[in-house]
Amino acid sequence: MEVKLIEQLKGRFVELYGGNAADIAVYHAPGRVNLIGEHIDYNGGYVFPAALTIGTALLFRRRTDDVLNMASEGFALTVQKSLSDLNYQAADDWSNFPKGVISLLNDEQAISSGFDMLFYGNIPNGSGLSSSASIEVLTAYAILDQENREIDRTQIALLAQQAENEYIGVKCGIMDQFAIAQGKKDHAVLLRCNDLNYDQVPFESGSYQLVIGNTNKRRELAHSAYNERRGQCEAAVEILRTEASGLENLKWLADLSEAQYSEVSHVLEDEVMQRRARHVVEENARVLRSVELLRQGNLEEFGKMMTLSHESLRDLYEVSCRELDVMVDTALQVPGVLGARMTGAGFGGCTVSLVHEDHVEEFIRIVGDTYNRETGLTGEFYVSKIGDGVRRVE
Ligand code: GLA
């Protein structure tokens, strides 16, 4: 975070809450981009996300009473609560994200006093770069640090996911929170979601850069469609477990190899369910292949895997949309592009492309123009750097 920005935010904090800037602690949590392994986390497979340098900052100061003050530079609503009144309330809007986490931590072990908080974020809202997971992980980290409790980054990710699942009511997997908690500069995180074993893999892309394209398409129906996909996968596991011979102990769809799945797919009968399951099994294998290719420095083949992932999400899992497809198709026609795909849950949000540094400007111009002409929407592009996971800045 830039020093100038931190100083500005401290000024704002003092305006809001009084006192002076000396005792304000500053924390930062990134957003995330998923490089490959989409809709796999809740199927117990491998994902390969990375933390971004954009994210959310939190300025934090302890109080002597049990009052919580929450303000954000991005929203007009300011909220005041006490530690004994942390129930979800729709009217509390954005502040339900930190509140959910505070409430869980307070249930675990009473938090010793209230605090003043000011959030600032530069992840575009609703873009699928995990602004909500960023706020949740950030809040958990700050409070554990302030309370001198143990900081276990995997536990933080799990707690943030629990807040999202139970308090906010979105049945997301663990990928976003994990990448935000465990991310490392210039590394992507290979995470096995059935046991949370992980490896930070250097993302050595030489003269290629990751370019994120925001479709600025509102993600309508995204939550219900997400939950529906999850349900279809869980139903597929249940059918395979009870009806396919030898799979009595199957727990996760991603536990199946491609060969195993080909042998048993007919048991599912329902053609839609077969396609969903095929995506999961093949995408999971693609993640491992991609990481191998990256380790060998074979970016060209890595890029192809990204594109295959998009095609599978579009045709088999059906979570893409016209806007994402137009952006990906156009990206793939620009010289110097090795691969492109949607990233995150889908139905809008962002794409990610691997683009040669000499072609980035051209990429942004061509994809931006064509996207605007074909959809009437204005896309936004960020050349993204891979940053660190959640941390205290000062
Ligand atoms: C959202 C969820 C993640 C993951 C992705 C799809 O980002 O929060 O848990 O399921 O969608 O890969």
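Quantities reported herein were computed from a predicted structural model and do not represent experimental measurements. (Residues numbered from 1 in each chain as written. Predicted model: local features only at pLDDT ≥ 70, side-chain atom pairs only at ≥ 80, totals over all residues. Heavy atoms only, no water.)

A. Up close: the overall build of the protein chain. Within the protein chain one finds 11 helices and 12 strands. The C-alpha atoms of the protein chain give 21 Å as radius of gyration, which agrees with the globular expectation for 394 residues (21 Å, within 12%). Taken over the C-alpha atoms alone, the protein chain extends approximately 65 × 50 × 40 Å along its principal axes. When the accessible area of the protein chain is evaluated, it comes to approximately 16400 Å², of which 44% is carbon and sulfur surface. Taking the average location of the 37 positive side-chain charges in the protein chain and that of its 59 negative ones, the two points are 2 Å from each other. (Helix = DSSP H or I, 4+ residues; strand = E, 2+ residues; numbered from the N terminus. Rg over C-alpha atoms; globule rule 2.2 N^0.38 Å. Areas by Shrake-Rupley, 256 points an atom, 1.4 Å probe, with all protein chains shown as cover. Lys, Arg positive; Asp, Glu negative; His and termini not counted. Charge placed at Lys NZ, Arg CZ, Asp CG, Glu CD.)

B. Spotlight on the packing of helix α10 (residues 322-333) against helix α11 (residues 360-375). The N-to-C vectors of α10 and α11 enclose an angle of 145°; their axes lie 9 Å apart at closest approach. Crossing hand, α10 versus α11: right-handed. On the side of α10, the interface is formed by Arg322, Glu323, Val326, Met327, Thr330 and Ala331, while α11 contributes Phe363, Ile366, Val367, Thr370, Tyr371, Glu374 and Thr375. Residues that form the contact of α10 with α11 fall into these classes: 7 nonpolar, 3 polar and 3 charged. (Axes fitted to C-alpha atoms, helices over the stretch in contact; angles between N-to-C directions. Left-handed = near helix turned anticlockwise from the far one by under 90°. Contact = heavy atoms within 4.5 Å. Nonpolar A, V, L, I, M, F, W, Y, C, P; charged D, E, K, R; others polar.)

C. Representation of the sheet that holds strand β11 (residues 380-384) within the structure. In space, the 4 strands of this open sheet follow the order β9-β10-β8-β11, with antiparallel pairing throughout. Of all the strands in the sheet, the pair left with one neighbour each is β9 (337-343) and β11. Neighbour-to-neighbour, the strand axes of the sheet open up by a mean angle of 25°, direction not taken into account. Relative to β11, strand β8 (residues 208-214) runs antiparallel, the two sharing 5 bridges. Paired with Leu210 across the bridge in β11 is Ser384. Along the sheet, helix α9 (residues 299-315) contacts β8, β9 and β10 (350-356); its crossing angle with β9, the most-contacted strand, is approximately 35°. (Pairing = 2+ DSSP bridges.)

D. Layout of the pairing of strand β5 (residues 115-121). β5 sits mainly inside the fold: 5 of its 7 residues count as buried. Sheet topology places strand β2 (residues 46-62) next to β5; 7 bridges connect them, and they run antiparallel. Paired with Leu58 across the two strands is Phe119, which belongs to β5. (Buried < 20%, exposed > 50% of the residue type's maximum accessible area, 1.4 Å probe, protein only.)

E. Representation of the layout of surface pockets within the structure. Its volume calculated, the second largest pocket comes out at about 310 Å³. It is β2 that contributes the most residues to the lining of the second largest pocket, 5 residues altogether. (1 Å grid on protein atoms, 1.4 Å probe; cavity = no way out; pocket = protein on both sides within 12 Å on 5 of 7 lines; lining within 4 Å. Points joined across faces, edges and corners; volume = space filled by probe spheres on them.)

F. Just the site of the ligand, in detail. Taken together, the residues surrounding the ligand are Arg32, Glu38, His39, Asp41, Tyr42, Cys172, Gly173, Met175, Asp176, Tyr226, Gly344 and Ala345. A distance of 2.6 Å separates an oxygen atom of the ligand from a polar atom in the side chain of Glu38. Interatomic distance of 2.6 Å between a side-chain N/O atom of Tyr226 and an oxygen atom of the ligand. For the ligand, the protein covers 92% of the area, taking 310 Å² as the surface of the free molecule. Classifying every residue of the shell around the ligand gives 5 nonpolar, 3 polar and 4 charged. (Near = heavy atom within 4 Å. Polar contact = N/O pair within 3.5 Å; in protein donor to acceptor, adjacent residues only side chain to side chain.)

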